[in-house]
Amino acid sequence: MSRHTVRIVVNGVTGRMGYRQHLLRSLLAIRAAGGVPLADGTSIWPELVLVGRNPTKLAELAERHDLPDWTTDLDAALARDDVHVYFDAQLTQAREKAVRAAIAAGKHIYTEKPLADTAATALELAQAAREAGVCHGVVQDKLFLPGLRKLKRLIDGGFFGRILSVRGEFGYWVFEGDWQSAQRPSWNYRTADGGGIVLDMFPHWHYVLEDLFGPVRSVTAHVTTHIPRRVDEKGTPYDATADDAAYAIFELAGGIVAQINSSWAVRVYRDELVEFQVDGTEGSAVAGLRECRIQHRATTPRPVWNPDVPVTEDFRAQWQTVPDNEHFDNGFKVQWERFLRHVTGHGPFPWDFFAGARGVQLAELGLQSAREGCRVEVPELLA
Ligand SMILES: NC(=O)c1ccc[n+]([C@@H]2O[C@H](COP(=O)([O-])OP(=O)(O)OC[C@H]3O[C@@H](n4cnc5c(N)ncnc54)[C@H](O)[C@@H]3O)[C@@H](O)[C@H]2O)c1
């Protein structure tokens, strides 16, 4: 079978996301499957150039996965004629400089979210990529989660009638780092390093809301730092200057109200780490990462408020599980396959830098709302 080689510079490959989701579960999984199959019987074969800052770590990783092409010199990698794509999973603050260099080198670009740490920069990158005529895309992985795919199927099938509201609950306890190590890198908790739950999660909420329910028209957010002191990877205490919880209301075009809590200081009493309840005139659904449950109006019980007697109904048992009906592959991998098809001229890729910039804009306006204590309208981001 003939194959089209696409050589990708993978930067930030030693990081949490770069290694686990992008290298292991996406790019190496695609290679293990023989490449990305195309309709004409050929396939796309990703060749990888690993880039990072630490030669020891890179050499070890390259050896472990038999990927001999690696360097600590990003400019040299971008100068290569045989490189087609630049991928960035670095820490957010390092992204702008590298993406600009990749645009200048005429490479197609795929990047982790958030695209940048300000909306103005994100928009500039989008415009520069468009002017350079390169393909551009931002990771929007939550759209490919089985739970959200099933939710989308319900929306497309008209299950809900008129959708009234969305309630999202995201979060878990991130250990402070003293008596148990933190499960997230410490930069997430320092504003100066691009941390904060709003900048991290609002770009996700933006594309979930926009793709499933419609454009976001306003945001009202209360943002706070519940845990002000943490201990970093080296055991050194530091001030957690970034927000670790956000309680937000988003108004969507068409009147849908979405309310999403995001917190790294909450203990989980839920079935999944993120859950969205959608209520519509004809039925409701609760979608998590993998599962999706529904209750139709015809099977909606009639609870009567009476705190004087014990609960008589098993409310959770009154919901039905939505079947998979298809195989759901890893969401990061599915999006990689779409991007690789796109750069080789085999299909569109709607999740471009402009979509990424709208996500950063929502984070910025959420922080503004919290600072000013008011509802903030979301203006159209001029392309
Ligand atoms: N799509 C998602 O669900 C998701 C989830 C978590 C993180 N992310 C995003 O992925 C990116 C990486 O996050 P992560 O959790 O993998 O972080 P990480 O700290 O584990 O990895 C950061 C990577 O950036 C590199 N880097 C480059 N310059 C650096 C510098 N000056 N200081 C420190 N590291 C530097 C590191 O070597 C490392 O490879 C971030 O932009 C983050 O917002 C996305």
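Residues numbered from 1 in each chain as written. Predicted model: local features only at pLDDT ≥ 70, side-chain atom pairs only at ≥ 80, totals over all residues. Heavy atoms only, no water.

Looking at the sheet that holds strand 16 (residues 292-296)
- Reading across from one edge, 17-16-15-14-8-13-12-9-18 is the order of the nine strands in this open sheet, with mixed pairing throughout. Strands at the two margins of the open sheet, each flanked by one partner only, are strand 17 (320-321) and strand 18 (376-377).
- By the bridge criterion, eight bridges tie strand 9 (residues 216-224) to strand 12 (residues 245-252) in an arrangement that is antiparallel. Paired with Thr220 across the bridge in strand 12 is Ile249.
- Docked against the sheet, helix 9 (residues 353-372) engages strand 9, strand 12 and strand 18, running at close to 55° with respect to strand 9. (Pairing = 2+ DSSP bridges. Helix = DSSP H or I, 4+ residues; strand = E, 2+ residues; numbered from the N terminus. Contact = heavy atoms within 4.5 Å. Axes fitted to C-alpha atoms, helices over the stretch in contact; angles between N-to-C directions.)

A few points about the pattern of salt bridges
- Per the counting criterion, the structure on display carries 24 salt bridges.
- The shortest N-O distance in the salt bridge between Lys142 and Asp141 comes to 2.6 Å. The pair Lys142 / Asp141 is uniform in exposure class, with both members buried.
- Between Arg316 and Asp271 there is a salt bridge, with its nearest N and O atoms 3.0 Å apart. Separated by 45 residues along the polypeptide, Arg316 in the loop between strand 16 and strand 17 and Asp271 in the loop between strand 13 (257-263) and strand 14 (274-280) bring together distant segments of the chain.
- Taking the relative accessible area as the measure of exposure, Arg316 reaches 55% and is therefore exposed.
- A cluster of three or more residues bridged by salt bridges with shared partners is formed by Arg7, Asp69, Arg80 and Asp82. (Salt bridge = Lys/Arg side-chain N within 4 Å of Asp/Glu carboxyl O. Buried < 20%, exposed > 50% of the residue type's maximum accessible area, 1.4 Å probe, protein only.)

Brief notes about the pairing of strand 16
- Note that strand 15 (residues 283-287) and strand 16 share five bridges and pair antiparallel. Within the sheet, the bridge partner assigned to Ala285 lies in strand 16 and is Ile294.
- The hairpin turn running from strand 15 into strand 16, its antiparallel successor, is four residues long.
- The pairing of strand 16 with strand 17 spans two bridges and is classified as antiparallel.

A closer look at the site of the ligand
- Neighbouring residues of the ligand: 22 residues in total, closest Arg16, Met17, Thr92, Arg95 and Asp141.
- Here Leu91 contributes a backbone N or O atom positioned 3.0 Å from an oxygen atom of the ligand.
- Within the side chain of Glu112, a nitrogen or oxygen atom sits 3.1 Å from a nitrogen atom of the ligand.
- Compared with its free state, where it exposes 840 Å², the ligand has 82% of that area covered by protein.
- Of all elements in the fold, only helix 1 (16-32) and helix 7 (197-212) reach the threshold of two or more residues within the shell around the ligand.
- Split by residue class, the shell around the ligand holds eight nonpolar, six polar and eight charged. (Near = heavy atom within 4 Å. Polar contact = N/O pair within 3.5 Å; in protein donor to acceptor, adjacent residues only side chain to side chain. Areas by Shrake-Rupley, 256 points an atom, 1.4 Å probe, with all protein chains shown as cover. Nonpolar A, V, L, I, M, F, W, Y, C, P; charged D, E, K, R; others polar.)

A few points about unusual backbone geometry
- Cis rather than trans, the peptide bond between Lys113 and Pro114 has omega equal to -15°.
- Structurally, the position occupied by Pro114 is in the loop between strand 6 (108-111) and helix 5 (119-132).
- Of note, Asn325 is a non-glycine position whose phi angle comes to about 60°, a positive value.
- Looking at the element boundaries, Asn325 is found in the loop between strand 17 and helix 8 (331-343).
- Classification of Asn325 by relative accessible area gives exposed; the value is 64%.

Here we look at the side chain of Thr42
- Looking at the element boundaries, Thr42 is found in the loop between strand 2 (36-37) and strand 3 (43-51).
- Note on Thr42: relative accessible area 12%, which makes it buried.
- Within the structure, the side chain of Thr42 is placed 3.0 Å from the side chain of His4, a separation counted as a polar contact.

With respect to helix 1
- Over its 17 residues, helix 1 runs only 21 Å from end to end, short of the ideal 24 Å by more than 12%, given 1.5 Å per residue.
- Where helix 1 bends most, at Leu23, the angle is about 45°.
- The complete set of buried residues in helix 1 reads Gly18, Tyr19, Gln21, His22, Leu23, Ser26, Leu27, Leu28, Ile30 and Arg31.
- Those residues of helix 1 hidden inside the fold are in contact with strand 1 (3-11), strand 2, strand 3, helix 2 (55-64), strand 5 (85-88) and helix 8.
- Backbone geometry just after helix 1 places Gly34 at a positive phi near 95°. (Expected span 1.5 Å × (residues − 1). Bend = angle between axes of the 7 residues up to and from the residue.)

Read these as spatial facts, not as claims about activity.
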